[in-house]
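In case you want the letters, here they are:
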Amino acid sequence: MQAYIDQTAAFVRKQLADAEAGHDWWHILRVWNQVKLLLQYEKGDRLVCELAALLHDIADSKFHNGDETIGPRIAGEFLDSIGIDARVVVHVQHIIRNISYKASLEVVLFQSKELEIVQDADRLDAMGAIGIARAFHYGGYKNRELYHPGIPPQPNQDKAAYKNSTAPTINHFYEKLLLLKDKMNTATAKRVAEERHQFMERYLAQFYREWEGKLPND
């Protein structure tokens, strides 16, 4: 089993060598490590979880003109090529199709404990200090405004609106990041999410004080 995981890690690291820094190998590594931590407290198939963690962003749709079929296809072709059991391949592909936040904005027909674990790990990486860094990095990558007081957040978007949003980065906190705490699946992830959520709230309070030019503690 470890040989399959090692082969997959090497493949992903090579494939994402030039990826946007919020969705690069280091993001994958953090999610993978978080999955391994969650598996110490939550029951799930280790092989499925680790392969899905490694491959979940192998071809993120937002970097492929919104095409959500590329990632599962590339993952499936690679796993087939190294001899992974077909049932594991299909399970990993289902996780890749359903892991994203935008997927949760429509009816999700697939459920598994492994999806819950990998999804929690991915969502945790969108929270806290690293989540903030990733959000602003992607906003810069897309040349979005940091903040615009005249453009209010839209926290109840459907999937199409979420995918097509070009709103300032601060809006993303209200449209996704601050909503993640209540969307965690596992008890362990909920504990981690609480701390990261509170950090983001403190960051936003500081951001607005600085934006408005207030004195400390005003």
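Further up the page is the structure itself.
All of these numbers come straight from a predicted model, not from anything done at the bench.

A. The arrangement of the overall build of the protein in detail. What the protein contains, in helices and strands, is 10 helices and zero strands. For 218 residues, the compact-globule formula gives about 17 Å, and the C-alpha radius of gyration of the protein, at 18 Å, lands near that figure. C-alpha extents for the protein along the principal axes are approximately 60 × 35 × 35 Å. Considering the protein as a whole, with its 218 residues, one finds that 49% of them fall into the buried category. Counting every atom, the protein has about 11300 Å² of accessible surface; 50% of that belongs to carbon and sulfur. Distance from the positive charge centre (27 side chains) to the negative charge centre (30 side chains) of the protein: 2 Å.

B. Quick peek at the packing of helix α4 (residues 70-81) against helix α5 (residues 86-98). At a minimum axis separation of 9 Å, α4 and α5 run at an interaxial angle of 160°. With respect to each other, α4 and α5 are oriented roughly antiparallel. Note on packing geometry: the crossing formed by α4 with α5 is right-handed. Residues Gly71, Pro72, Arg73, Ala75, Gly76, Leu79 and Asp80 of α4 pack against Val89, Val92, Gln93, Ile96 and Arg97 of α5. A breakdown of the residues in the contact of α4 with α5 according to their chemical character gives six nonpolar, three polar and three charged.

C. Looking closely at helix α2 (residues 25-38). The terminal C-alpha atoms of α2 lie 20 Å apart, and with 14 residues this matches the ideal 20 Å at 1.5 Å per residue to within 8%. When we look at burial in α2, the residues that qualify are Trp25, His27, Ile28, Val31, Trp32, Gln34, Val35 and Leu38. Turning to α2, the residues buried within the fold contact α1 (2-15), α3 (46-55), α6 (113-124), α7 (128-141) and α10 (187-211). A side-chain oxygen of the first residue of α2 lies 3.2 Å from the backbone nitrogen of Trp26; this N-cap is Asp24.

D. Molecular detail of the pattern of salt bridges. One pass over the full model with this rule turns up 14 salt bridges. With its nearest N and O atoms 4.0 Å apart, the salt bridge here joins Lys181 to Glu194. In this pair, Lys181 is assigned in the loop between α9 (169-175) and α10 and Glu194 in helix α10, connecting sequence segments 13 residues apart. Glu194 sits in the partly exposed class, given a relative accessible area of 33%. Here Lys214 makes a salt bridge to Glu212, at a shortest N to O gap of 3.3 Å.

Reading guide: rules and limits
Residues numbered from 1 in each chain as written. Predicted model: local features only at pLDDT ≥ 70, side-chain atom pairs only at ≥ 80, totals over all residues. Heavy atoms only, no water. Helix = DSSP H or I, 4+ residues; strand = E, 2+ residues; numbered from the N terminus. Rg over C-alpha atoms; globule rule 2.2 N^0.38 Å. Buried < 20%, exposed > 50% of the residue type's maximum accessible area, 1.4 Å probe, protein only. Areas by Shrake-Rupley, 256 points an atom, 1.4 Å probe, with all protein chains shown as cover. Lys, Arg positive; Asp, Glu negative; His and termini not counted. Charge placed at Lys NZ, Arg CZ, Asp CG, Glu CD. Axes fitted to C-alpha atoms, helices over the stretch in contact; angles between N-to-C directions. Parallel < 35°, antiparallel > 145°, perpendicular 65-115°, else oblique. Left-handed = near helix turned anticlockwise from the far one by under 90°. Contact = heavy atoms within 4.5 Å. Nonpolar A, V, L, I, M, F, W, Y, C, P; charged D, E, K, R; others polar. Expected span 1.5 Å × (residues − 1). Polar contact = N/O pair within 3.5 Å; in protein donor to acceptor, adjacent residues only side chain to side chain. Salt bridge = Lys/Arg side-chain N within 4 Å of Asp/Glu carboxyl O.

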